[in-house]
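# Coordinate analysis (summary)
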Amino acid sequence: MTALPVEGTGVVVTGAAGGIGKALAARLVAGGARVVVNDIDAERLAATAAEIGAHAIAGDGASEAGIAALVAAAEEHLGQIDSWFANAGVVRGLGLEASEAEWASSWEINTMAHVRAARLLVPGWIERGGGRFVVTASAAGLLTALGTATYSVTKHGAVAFAEWLSATYRHQGLVVQAICPQGVDTAMLANSGPMRGLLTADGARTPEEVAEVTWEALQDDRFLILPHPEAGPYYQARATDTDRWLGGMNKLQRMLDAEEAVR
C-alpha cells in the first residue's frame, strides 16, 4: 500500500456512523491512519467503530461545546489530531417555507461546525508546521442546488469557508480540501423524493467510491475533490455565463413543478 500523508497519523471523521463518513473512516484505517469516528448516534457509531477498527467518540459534533469536547477527547486518545474530516451534514427544510429552526440547524451543522473545529485546530497545526482539514461539502456547495435552500446555502458556506482557510493558511502548511459529490447512495439520497432524478443524472456513487476518490486526492492535496467529474464543467459553466446557468436551472425547476402537478 502506498504511503500517504495520513499514514500513522491521528484522524477524526465526523458524521461517521454510516454513509460517506463511515466509508472515509474505513479507507483511512485501511491506509494506516489511527482514526476517531464521531456521530450523535452512539449505538450505531459503536458498531461502526468495531467493524472498521476505529475509536468511537459519540456526541454532538457541531455546537461549540460539542466540538470542544470532541477535540479534547480525540486528542487524549490520539495524542494529537493531524487531520480533521468534517463530514457531518443534514438536510432540514426545503424552500421559503423552511422554518427558522431548520435554517438554524442547517447552519450549525453544515457550516459552523467547520468554523468551530478550525478555531481549535488550526493554531496548533500552524505551530507544528501543518495539518489537514477536509470538508464534505457536496456539489450543492458549488452549483445551484434545487429543492432545498437550507442545504444549498449552507453548503455554499462550507465551500466558502474552506476556500478562505486554504487562501489564508496554505503557506503555513495547512492543506484544505472540499469533497463535492452529486448523488451518493446514502439515506440522504433515498429520502430526496422528486430530486433523486436530478441528483443521479450523472449516476449515483457509492460511499466507498467517494472514499476512494478522496483517498487518491490526498496524494496531490487538490482542493476540489469531485467524485462526479461532471461537476467540474458544470461549475465552470455556472461561473462563465451565470444568467444562462440560472435559466437552465429554472427550466429544470419548471420540469419538476410540472411533474409534481400531475402526481
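Our subject is the structure listed above.
To keep things clear, this report deals only with the structure shown in the data block. (Residues numbered from 1 in each chain as written. Predicted model: local features only at pLDDT ≥ 70, side-chain atom pairs only at ≥ 80, totals over all residues. Heavy atoms only, no water.)

A few words on the packing of aromatic side chains. Throughout the structure, instances matching the rule amount to three aromatic pairs. Considering the side-chain rings of Trp164 and Tyr169, the 5.9 Å spacing of their centres and the 80 degrees angle between planes classify their relative orientation as edge-to-face. Taken together, the aromatic side chains of Phe161, Trp164 and Tyr169 make up a single cluster linked through ring pairs. (Phe/Tyr/Trp six-rings, centres within 6.5 Å; stacked < 30°, edge-to-face > 60°.)

With that settled, the discussion passes to the side chain of Arg132. With respect to the helices and strands, Arg132 occurs in strand E5 (residues 131-136). Those residues in contact with Arg132, other than ones at most four positions away along the chain, are Pro5, Val6, Asp82, Ser83, Trp84, Trp125, Leu174, Val175, Gln177, Leu218 and Asp221. (Helix = DSSP H or I, 4+ residues; strand = E, 2+ residues; numbered from the N terminus. Contact = heavy atoms within 4.5 Å.)

Taken in spatial order, the seven strands of this open sheet run E3-E2-E1-E4-E5-E6-E7, and their pairing is parallel. In the strand order of this sheet, the two ends are held by strand E3 (55-56) and strand E7 (224-225), each with one partner. Pairing analysis gives four bridges linking strand E4 (residues 83-86) to E5, with the strands arranged parallel. When the bridges of E5 are listed, Ser83 appears paired with Arg132. Sheet contacts for helix H1 (residues 19-30): strand E1 (10-13), strand E2 (34-37), E4, E5 and strand E6 (174-179); angle to E1, the most-contacted strand, approximately 165 degrees. Strands in contact with helix H3 (residues 64-78) are E1, E2, E3 and E4; relative to E1, the strand with the most contacts, it is inclined by about 150 degrees. (Pairing = 2+ DSSP bridges. Axes fitted to C-alpha atoms, helices over the stretch in contact; angles between N-to-C directions.)

Let's shift gears to empty space enclosed by the protein. Using the criterion set out here, one finds two cavities of 30 Å³ or more in the structure. In this structure, the largest cavity encloses a volume near 40 Å³. If you go around the largest cavity, the residues you meet are Thr14, Gly61, Ile67, Trp84, Ala86, Ala88, Ala113 and His114. At the level of elements, E4 and helix H4 (100-128) are the ones that each hand at least two residues to the lining of the largest cavity. Grouping the amino acids of the lining of the largest cavity by side-chain chemistry returns five nonpolar, three polar and no charged. Here the second largest cavity is characterised by a volume of approximately 30 Å³. Of all elements in the fold, only H1 and helix H8 (207-217) reach the threshold of two or more residues within the lining of the second largest cavity. Looking at the lining of the second largest cavity residue by residue, the classes come out as six nonpolar, one polar and one charged. (1 Å grid on protein atoms, 1.4 Å probe; cavity = no way out; pocket = protein on both sides within 12 Å on 5 of 7 lines; lining within 4 Å. Points joined across faces, edges and corners; volume = space filled by probe spheres on them. Nonpolar A, V, L, I, M, F, W, Y, C, P; charged D, E, K, R; others polar.)

The values are spatial; any link to function lies outside them.
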